[in-house]
Amino acid sequence: MKKKYGKKKSHRTRDWLKFFTGLIMLAVFFGFFASGYSPPGVLGKVLRHNQANDIDASPLLYMEVEHMSELEEGVRLMREKAQRRTGDTVRSLL
Amino acid sequence: MEKGISALWKEEDWWAVWLGFIIIGGALLKWIPSIPKVGKWSSNPVDAFMIIKDGIVSGNIFLSLVLLMLALAVLTAIGVAFMRNENAGKYIMGFIGVFILATIAYWIANQINVKYWGLSYALWALLVGLLISNTIGTPSWLKAGAKTELFIKIGLVLLGAEILFKKILSLGAPGLMVAWIVTPVVIIFMFNFGVRVLKMSNKSLIIIIACATSVCGVSAAIAAAAACCAKKEDLTLAVGMTLIFTVLMMFFMPLVIGAIGMNSILGAAWMGGTIDSTGAVVAAGSMLGPDAEKVAAVVKMIQNVLIGLVAFFIAIYWVTKVERDPDCEPNALEIWYRFPKFVIGFVAASLIFSFIVVPAMNGDFNLVESTYIKPITKVLRGWFFCLAFTAIGLESNFKDLAGRMEGGKPMILYVVGQSFNLILTLFVAWLAFMVLFPNAI
């Protein structure tokens, strides 16, 4: 704490200048992503798909995905359908 | 290191367990109301703090956010005061500052277009903290509230509640093969590659990058870092790399799969096993169609469940091999003293929810999730992780980060490890979904 306050005024001014420069850079960085821009052509395909279907790509873990239970239920139904299909094939072979 | 009974109230690990279980107990007993979270917003930044139902504003979360901040400040201050005999008042002042910065990070991350890019709160929390620490310097009053390790460990104990073991059977044998066979092989490969081939001196950084690459990105990196008591800068580096590569893989993998005409279920399993974060997996899977989206998300979910086991084994390996005294064989008691106890809390929370809470609610996962996890433990875990990343940013500086780059070796490790992961996952997914169990889905 003492060291901080012991800094020369010119150093403190320089630090604050750096802070505001960094803040502007962070704001520009955020503004770029928040603007809704998507790269042209195939590069932006996934992003445009996310925008069109309102897909949140930021969750870190499965519990953070809003419609995870629907996705799990979907897989359960797919597996049931596959099992029925396999059973039918086996029965037809017999 | 405390070795007696006093460790129970002197060690940070034990406090993480106590505080984590106070929250879990409060949730199970329904003493804790729904926890406020910063919401999504599009063009009006204030919407993030409004309660909006069917397009109508029915209130705001400002008061509940203040109450949450005070409740968490007091709860964690008890631990801090006991552990380090620190001034609780000073800690609470610092905590309030860190909480406000974490709220700003959440607010930035929850802008709808930012979410489409897959940039999570972890990145923004780090950047907000780094901006302060690398320019004006983190003031000492704010540093007093930046208890990174405590926040991470409490967050991990709470994360245990989300790791439900029975979920591993959601996709049957092929899902297990992709998620559970490849993952440990990639971790072992990357660890050996980092140590023996790249000759990296920082083993903690190697294991964090290996876990982030092979398990599930940021969350796995946090768990691994805490299990091996890594430096904050190591976690920052690994998280930075995984966030960048996650976005790149989310952009390019569906395009490659579509261009070569790969079977969509095989492609989904491939992406589920390799793209680091779950949100990016869902987005990339959705590009291949609704069925692929489901398969990709569930493969990733099965992999998520591995976090607890991985953290447990890393903790054991670190205590018995990496950090052991070369002159003496560690006995069971020594291993116990040095073992990171919060891992026990993490695994215990997972076991309690998987084998007691879920069966007690007639095996209804959805009910458990909607009653206890989604409104309480998950939101609080998110807050603790966001606080932790803000605190890491506040305590890191670019010079230290640059010093850990070892001539770009961590980046080489990530690229080589991820390439190996891509090849092995594709092979195992093909074997599981196309050859051994072609009728599983």
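Let me begin by describing the structure that accompanies this report. (Residues numbered from 1 in each chain as written. Chains lettered and ligands numbered in written order. Predicted model: local features only at pLDDT ≥ 70, side-chain atom pairs only at ≥ 80, totals over all residues. Heavy atoms only, no water.)

1. Describing the overall build of chain B
Let me state the cut-off plainly: Counting from the N terminus, the helices are the DSSP runs of H or I reaching at least four residues and the strands are the DSSP runs of E reaching at least two. Taken over C-alpha atoms, the radius of gyration is set against a globule rule of 2.2 Å times the number of residues to the power 0.38. Buried means the residue's accessible area, taken with a 1.4 Å probe over protein chains only, is under 20% of the maximum for its type, while exposed means over 50%, and partly exposed covers the values in between. Values of accessible area rely on a 1.4 Å probe in the Shrake-Rupley scheme; residue burial ignores everything except the protein chains shown. Positive charge is attributed to Lys and Arg, negative charge to Asp and Glu, and no charge count is given to His or to the chain ends. Charged groups are reduced to one reference atom each: NZ for lysine, CZ for arginine, CG for aspartic acid, CD for glutamic acid.
Assigned secondary structure in chain B consists of 21 helices and two strands. For 441 residues, the compact-globule estimate of 2.2 N^0.38 gives 22 Å, and chain B sits close to it at 21 Å. Across its three principal directions, the C-alpha atoms of chain B cover 70 × 60 × 50 Å. Classification of the 441 residues of chain B by burial places 60% in the buried group. Accessible surface computed for chain B: about 16,300 Å², of which carbon and sulfur atoms make up 68%. Each charge class in chain B was averaged separately, 31 positive and 24 negative side chains, and the resulting centres sit 1 Å apart.

2. Digging into the interface of chain A and chain B
Basically, it comes down to this: Residues are treated as being in contact if the distance between any of their heavy atoms lies within 4.5 Å. Defined in terms of a 1.4 Å probe, buried area is the accessible area two parts forfeit on being brought together, summed over both. Salt bridge criterion: a side-chain nitrogen from Lys or Arg within 4 Å of a carboxyl oxygen from Asp or Glu. Identification of polar contacts relies on pairs of N or O atoms within 3.5 Å, with a donor-acceptor requirement for protein atoms, meaning one able to donate a hydrogen and the other able to accept it, and with residues adjacent in sequence counted only if both atoms are side-chain atoms. Any residue that is not Ala, Val, Leu, Ile, Met, Phe, Trp, Tyr, Cys, Pro, Asp, Glu, Lys or Arg is counted as polar, Gly included; the first ten are nonpolar and the last four charged.
Counting from both sides, the interface comprises 51 residues of chain A and, opposite them, 69 residues of chain B. Across the chain A to chain B interface the summed buried area is about 5,500 Å²; carbon plus sulfur atoms make up 69%. If you sort the residues of chain A by the area they bury against chain B, A:Leu60, A:Tyr62 and A:Met63 come out on top, with a joint share of 15%. On the surface where chain A and chain B come into contact, there are four salt bridges. One salt bridge in this structure joins A:Glu64 and B:Arg381, with 2.6 Å as the shortest N-O distance. There are 19 residue pairs in polar contact (both at pLDDT 80 or more) connecting chain A and chain B. No other element matches the twelve residues that helix α2 (residues 9-34) of chain A contributes to the side of chain A that touches chain B. Taken together, the residues of the side of chain A that touches chain B break down into 29 nonpolar, eleven polar and eleven charged.

3. Considerations on the pattern of salt bridges
Opposite charge on two side chains allows them to pair when their charged atoms are near. All names here are of chain B. Throughout the structure, instances matching the rule amount to 16 salt bridges over all chains. The partner of Glu86 in a salt bridge is Lys147, and the shortest N-O contact between them spans 3.0 Å. Taken together, the residues Glu86 in the loop between α3 (62-84) and α4 (88-109) and Lys147 in the loop between α7 (140-143) and α8 (148-160) connect sequence positions 61 residues apart. By relative accessible area, Glu86 is classed as partly exposed at 26%. Among the ionic pairs, Lys167 bridges to Glu369, the shortest N-O distance being 2.6 Å. Taken together, the residues Lys167 in the loop between α8 and α9 (172-197) and Glu369 in helix α19 (residues 365-395) connect sequence positions 202 residues apart. Of the residues examined, Lys167 reaches a relative accessible area of 2% and is grouped as buried. With a relative accessible area of 2%, Glu369 lands in the buried category.

4. With respect to the nonpolar core
Residues and elements named next belong to chain B. Rules: Buried Ala, Val, Leu, Ile, Met, Phe, Trp, Tyr and Cys residues that are joined via side-chain atoms within 4.5 Å together make up what is termed a nonpolar core.
Counting 188 residues, the largest nonpolar core has Trp124 and Phe389 as its most contacted members. When residues of this core are assigned to their parent elements, the largest contribution, 16 residues, is made by α19. Leaving out residues up to four positions away in the same chain, Phe389 has contacts with Ala122, Ala125, Leu126, Val218, Ile222, Leu235 and Val239.

5. Some remarks on unusual backbone geometry
Residue and element names in this part refer to chain B. The backbone of Lys30 sits at a positive phi, close to 60°, despite the residue not being glycine. Its location among the elements puts Lys30 in the loop between α2 (12-28) and β1 (50-53). Although it is not a glycine, Lys199 sits at a positive phi angle of roughly 55°. Looking at Lys199, the relative accessible area reads 61%, which means it is exposed.

6. Looking at the packing of aromatic side chains
For the record, the criterion: Pairing of aromatic rings covers Phe, Tyr and Trp, the last counted by its six-membered ring, and requires centre-to-centre distances within 6.5 Å; plane angles under 30 degrees mean stacked, over 60 mean edge-to-face, and any other angle means tilted. The criterion is that NZ of a Lys, or CZ of an Arg, lies within 6 Å of the ring centre and within 35 degrees of the ring normal, and then a charge sits over that ring.
Under the defined criterion, the tally for this structure stands at 35 aromatic pairs over all chains. Geometrically, the ring pair formed by B:Phe95 and B:Phe151 is edge-to-face, given 5.8 Å between the ring centres and 70° between the ring planes. Here B:Phe151 lies in helix α8 and B:Phe95 lies in helix α4, a separation of 56 residues in the sequence. Judged by its relative accessible area of 0%, B:Phe95 falls in the buried class. Taking relative accessible area as the criterion, B:Phe151 reaches 0% and is therefore assigned buried. When the ring of B:Phe191 is compared with that of B:Trp318, the centres are 6.0 Å apart and the planes differ by 65°; the resulting orientation is edge-to-face. In this pair, B:Phe191 sits in helix α9 while B:Trp318 sits in helix α16 (residues 306-322), placing the two residues 127 residues apart along the sequence. Accessibility expressed as a relative area gives 10% for B:Phe191, which makes it buried. Overall, the relative accessible area of 2% leaves B:Trp318 in the buried class. Pairwise contacts between aromatic rings join A:Phe29, A:Phe30, A:Phe32, A:Phe33, A:Tyr37, B:Trp41, B:Trp107, B:Trp117, B:Trp124 and B:Phe251 into one cluster. Over the aromatic face of B:Trp336 sits the side chain of B:Lys341, whose NZ or CZ is 5.1 Å from the ring centroid.

7. Topic: the pairing of strand β2 (residues 56-60) of chain B
All names here are of chain B. Quick reminder of the rule: Any two strands between which DSSP finds at least two bridges are classified as paired.
The pairing of β1 with β2 spans four bridges and is classified as antiparallel. For Ile52, the partnering residue across the bridge sits in β2 and is Val57. In textbook terms, the turn of a hairpin is the stretch between consecutive antiparallel strands, and for β1 and β2 this stretch comprises two residues, one of which, Asp54, has a positive phi near 50°.

8. A closer look at the side chain of B:Thr274
Residues and elements named next belong to chain B. Position of Thr274 among the secondary structure elements: in helix α13 (residues 264-274). Engagement of the side chain of Thr274 in a polar contact is seen with the backbone oxygen of Trp270, the distance being 2.7 Å. Beyond its immediate sequence surroundings of up to four residues, Thr274 is in contact with Thr213, Met249, Met253, Gln418, Asn421, Leu422 and Thr425.

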